Amino acid sequence: MITYKKTFDYCATDAELDNYVHEIVDFLMGDIDDEIELYLEEDNKHRYITLNIVNQSLH
């Protein structure tokens, strides 16, 4: 499993978060059999994205 984590300011737009995820997915497009898990959390000051890419060939 490959995990990407990034912290954004709370005022970051949904478009910025979406762009971050799309850049990673577009870069890894060669492995279309992989499963992607996306988690979004936020608090008063930050928004957090965790993107897990599970390689199906490891199972």
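Description of the structure in this document. All values derive from a computational prediction rather than experimental measurement. (Residues numbered from 1 in each chain as written. Predicted model: local features only at pLDDT ≥ 70, side-chain atom pairs only at ≥ 80, totals over all residues. Heavy atoms only, no water.)

### Some words on the sheet that holds strand 1 (residues 2-9)
Spelled out, the test is: The pairing criterion is simple: DSSP has to find at least two bridges between the two strands. Every helix listed is a DSSP run of H or I at least four residues long, and every strand listed is a run of E at least two residues long, numbered separately from the N terminus. Structural elements are reduced to axes, namely lines fitted to C-alpha atoms, with helices fitted over the stretch in contact, and the angle between N-to-C directions of any two is expressed from 0 to 180 degrees.
Ordered in space as 1-3-2, the three strands form an open sheet in which the pairing is antiparallel. Only two strands of the sheet have a single neighbouring strand rather than two, namely strand 1 and strand 2 (35-42). Sheet twist, expressed as the average angle between the axes of neighbouring strands with direction ignored, equals 15°. Examined bridge by bridge, strand 2 and strand 3 (residues 46-54) share eight bridges and lie antiparallel to one another. Of the residues in strand 3, the one forming a bridge with Leu38 is Leu51.

### Focus on the nonpolar core
Nonpolar side chains in soluble globular proteins generally cluster together in the buried interior. Our working definition: Here the nonpolar core consists of buried residues drawn from Ala, Val, Leu, Ile, Met, Phe, Trp, Tyr and Cys, with membership extended through side-chain atoms lying within 4.5 Å. When a residue's accessible area, from a 1.4 Å probe over protein chains only, is under 20% of the maximum for its type it is buried; when over 50% it is exposed; and in between it is partly exposed. Any two residues whose heavy atoms approach within 4.5 Å at even a single point are treated as in contact.
Formed by Phe8, Ala12, Leu17, Tyr20, Val21, Ile24, Ile49, Leu51 and Ile53, the largest nonpolar core amounts to nine residues. Broken down by secondary-structure element, the contributors of at least two residues to this core are helix 1 (14-27) and strand 3. It is helix 1 that provides the largest number of residues to this core, a total of four residues. In contact with Ile49, other than residues within four places in its own chain, are Tyr4, Lys5, Lys6, Phe8, Leu17, Tyr20, Val21, Leu38, Tyr39 and Leu40.

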